[in-house]
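# Architecture at a glance
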Amino acid sequence: MTSVQVGNHDDERGDKGAADSETPKGGTPNGGTPKGGPTPEEGYERGLGNRQIQMIAIGGAIGVGLFLGAGANIAKAGPSLILMYALAGGIIFFIMRALGELLLYRPVSGSFAEYSREFLGPFFGYFTGWTYWLMWVVTGMAELTAAAIYITYWFPQIPQWVTALVFLVVLFVANLISVKLFGEIEFWFSMVKVTALIGMIVIGLGVLTFGFSSAGDTAAVSNLWAFDGFFPKGIGSSLMTLQGVMFAYLAVELVGVTAGESENPEKTLPKAINTLPWRIALFYVGALTVILCVVKWTEFAPGVSPFVAAFAKIGIPAGAGIVNFVVLTAALSSCNSGMYSTGRMLRTLADNGEAPKIFNRLSATRTPAFGITVSMLFMGIGVILNYVVPEKAFGYVVSVATAAGIWTWLMILISHILYRRAVDAGRLPASSFPAPGGSKFSWVAVAFLLFVTCLIAYDADSRVCLYVMAGWAAALGIGWAVLKSRNPEATERRDPELEQIG
């Protein structure tokens, strides 16, 4: 399979190159070649500019896991949750720097599956691609239902399933039109989240500094330790929140999926990844620190957004409605990203013979329309399931998404470790964006993710996701055996041919 080795790009090459490759002489309509099939990124429109890539990266780090999930975690861990978000955020940065080095070595759409396939073998590429697809489908199920619940805040008379269906169709149509429209929608969704969080932080700091509002008399930095200490429930209880904290960070790796449609990947991707630490410091650690200083942690409860509770305590008019709108955009943003990434991942799988060939087709607007459509239908099943099953099913879906996300991150890290070994041995060219410390921090991140997996196994409520993943692994194993018998070539290891750009 031919892939791209980034050199010095001509800025105009993105769209032109994609257009020129759509129907090469002797090739396929989608930009493929008779031998080996098309590259995953061939035929795509490189329509995501720096502005959209940066906001997709920011938006990926701000989701429902922060806006809603933090409430239950504060009740479990108190102020020490701040430390858990900082610790997990550091690990996420290691993961993203590992991914960044791989992306600048070979920027392809569906990158995680491609790197797993190259460095661990075809089965791992197949397993990772389908598992990442599963992660976004189940996340889409949860987010659509959540978005419908948020709408009932303003319009309780509208049936929940109607709202979920409307959102599903609107986002589906937007993803079919063009990648530029996807990027624009994601840009504005992220802008709402970022603006709201910055506003909350500024207001909280104002309450702490000037003492205005009904929360002014009790707001103090000492709230972080004044009520049974910084670890009020013990270190063990704090560590148990890590599984929920990791769910909050799902989707930061979406930048890797955009690589095949970035106008200038060797410039936009490193910038997006290198800004991750300040995003985590500001939006997670900073926002939670301010809120827990303004309102003592004992006043927060599971099932209630800490941001809504803080605004209610401060007494800002329409504060709850504002936060509800922000959380709604977070849910729709996640579902929008899910539709985008699932279609691209199915095309990567089809390109390697690991999914039906029809998923490899691009529409007239150069989007993987059939893959997006199938993914949308599965997300629609989730709307029905969440309508008929108890509320606990929502938590189960979230835990399955977390387990699938941990697998994806592990594959990124292990692929990076093996890539660095190949570079050190002189078998592969070095990336222009090397991770600091080589593969050392990748090993640290692997150990951390395995530790979180053990925590999931220890917790009775979240343990169910491991049973689901075991069943998923068995199903994929059967699928691989069938694939091997019908199409042995698809299961053989193939070394990528690197094509220099520039």
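Structure: above.
Residues numbered from 1 in each chain as written. Predicted model: local features only at pLDDT ≥ 70, side-chain atom pairs only at ≥ 80, totals over all residues. Heavy atoms only, no water.

### Quick word on the pattern of salt bridges
Selection rule: When a carboxyl oxygen of Asp or Glu lies within 4 Å of a side-chain nitrogen of Lys or Arg, that pair is called a salt bridge. Put simply, DSSP H or I for four residues or longer makes a helix, DSSP E for two residues or longer makes a strand, and each gets a number counted from the N terminus. Relative accessibility under 20% of the residue-type maximum defines a buried residue, over 50% an exposed one, and the middle range a partly exposed one, all with a 1.4 Å probe and only protein chains included.
A full pass over the atoms with the stated rule returns six salt bridges. Of the charged contacts, one joins Glu-114 and Arg-117 as a salt bridge, the two residues approaching to 2.7 Å between their closest N and O atoms. Of this pair, Glu-114 and Arg-117 both sit in helix H6 (residues 111–120), three residues apart, which is roughly one turn of that helix. The same class applies to Glu-114 and to Arg-117, which are both buried.

### Section: unusual backbone geometry
Most peptide bonds adopt trans geometry, and most residues besides glycine take a negative phi value. Of note, the phi angle at Asp-228 is positive, near 70°, even though the residue is not glycine. Examined against the element boundaries, Asp-228 turns out to sit in the loop between helix H9 (179–210) and helix H10 (235–239).

### Observations regarding helix H14 (residues 276–294)
To keep it simple, the criterion reads: A helix is expected to reach a length of 1.5 Å times the quantity of its residues less one. A residue's bend is simply the angle between two axes: one fitted to the seven residues ending at it, one to the seven starting at it.
Spanning 19 residues, H14 covers 26 Å between terminal C-alpha atoms, matching the ideal 27 Å at 1.5 Å per step. The sharpest bend along H14 measures roughly 35° and falls at Gly-286.

### Regarding the packing of H9 against helix H15 (residues 306–314)
What counts here: Only C-alpha atoms enter the line fits that serve as axes; for helices the fit covers just the stretch in contact. Angles between N-to-C directions range over 0 to 180 degrees. By the definition adopted for this analysis, an angle is roughly parallel if under 35 degrees, roughly antiparallel if over 145, roughly perpendicular if from 65 to 115, and oblique otherwise. By definition, turning the near helix anticlockwise from the far helix through less than a right angle yields a left-handed crossing, and turning it clockwise yields a right-handed one. Contact criterion: two residues are considered in contact whenever any of their non-hydrogen atoms come within 4.5 Å of each other. Polar here means any residue outside two lists: the nonpolar Ala, Val, Leu, Ile, Met, Phe, Trp, Tyr, Cys and Pro, and the charged Asp, Glu, Lys and Arg; Gly therefore counts as polar.
Put simply, H9 and H15 touch, their axes get as near as 12 Å, and they point 40° apart. Relative to H15, H9 is oriented oblique. As H9 runs across H15, the sense of the crossing is left-handed. Mapping the contact onto sequence places Leu-197, Met-200, Ile-203 and Val-207 in H9 and Phe-307, Phe-311 and Ile-314 in H15. Among the residues forming the contact of H9 with H15, the class breakdown is seven nonpolar, no polar and no charged.

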